[in-house]
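# Report on the structure
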Amino acid sequence: QVQLVESGGGLVQAGGSLRLSCAASGSTSSITTIGWYREPPGKQRELVAVISSDGSINYADSVKGRFTISRDNAKNTVYLQMNSLKPEDTAVYYCRAVAYAWASIRNYWGQGTQVTVSS
């Protein structure tokens, strides 16, 4: 089992920055991929950025060059540094992990943290 807890969301003006954190606990060694998704109001949840155990990173085109995902393995924590924020970045941001255990692939989600960007 893996538990994910997000933090760092809040209200920020356009052009500002926020840093989100996702703390993982439990069977963290089984995680193969961990990253961030977001759910804008009235829209579907979408990929923001992911990082795999082999170090590969993938960003959505809409955030490339503005957001940076990083991982601190010693702290079992993943970060999302968000710069040059735009109103369209407003969403609930979720941490997501994919883990392999008991010959099964499992998906885990955090509770989400609200990010609101004002004009």
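Quick look at the structure, then. (Residues numbered from 1 in each chain as written. Predicted model: local features only at pLDDT ≥ 70, side-chain atom pairs only at ≥ 80, totals over all residues. Heavy atoms only, no water.)

### Quick word on the environment of Leu-80
- Structurally, Leu-80 is set in strand 8 (residues 77-82).
- In this structure Leu-80 comes out as buried when scored by relative accessible area, which is 0%.
- Considering only alpha carbons, one finds Leu-80 and Leu-20, 60 residues apart in sequence, at a separation of 5.0 Å.
- The residues contacting Leu-80, other than those within four sequence positions of it, are Leu-18, Arg-19, Leu-20, Trp-36, Val-48, Ala-49, Phe-67, Thr-68, Ile-69 and Tyr-93. (Helix = DSSP H or I, 4+ residues; strand = E, 2+ residues; numbered from the N terminus. Buried < 20%, exposed > 50% of the residue type's maximum accessible area, 1.4 Å probe, protein only. Contact = heavy atoms within 4.5 Å.)

### Comments concerning the pattern of salt bridges
- The tally for this structure, following the rule as stated, stands at 5 salt bridges.
- Arg-38 is the partner of Glu-46 in a salt bridge, and the nearest nitrogen-oxygen pair spans 2.8 Å.
- Between Asp-61 and Lys-64 there is a salt bridge whose closest N-O contact spans 3.4 Å. Here the two residues Asp-61 and Lys-64 agree in accessibility, since each one is exposed.
- A single network of salt bridges, built from pairs that share partners, joins Arg-38, Glu-46, Arg-66 and Asp-89. (Salt bridge = Lys/Arg side-chain N within 4 Å of Asp/Glu carboxyl O.)

### Some remarks on the pairing of strand 9 (residues 91-101)
- As defined by bridge partners, strand 4 (residues 31-39) adjoins strand 9 across 8 bridges and the pair is classed as antiparallel. Across the sheet, residue Glu-39 finds its bridge partner in strand 9, namely Val-92.
- Relative to strand 11 (residues 113-118), strand 9 runs antiparallel, the two being bridged by 3 bridges. Bridge pairing links Ala-91 to Val-115 in strand 11.
- As judged from the 6 bridges shared by strand 9 and strand 10 (residues 104-109), these two strands associate in the antiparallel manner. (Pairing = 2+ DSSP bridges.)

All quantities given are derived from atomic positions and should not be read as evidence of function.
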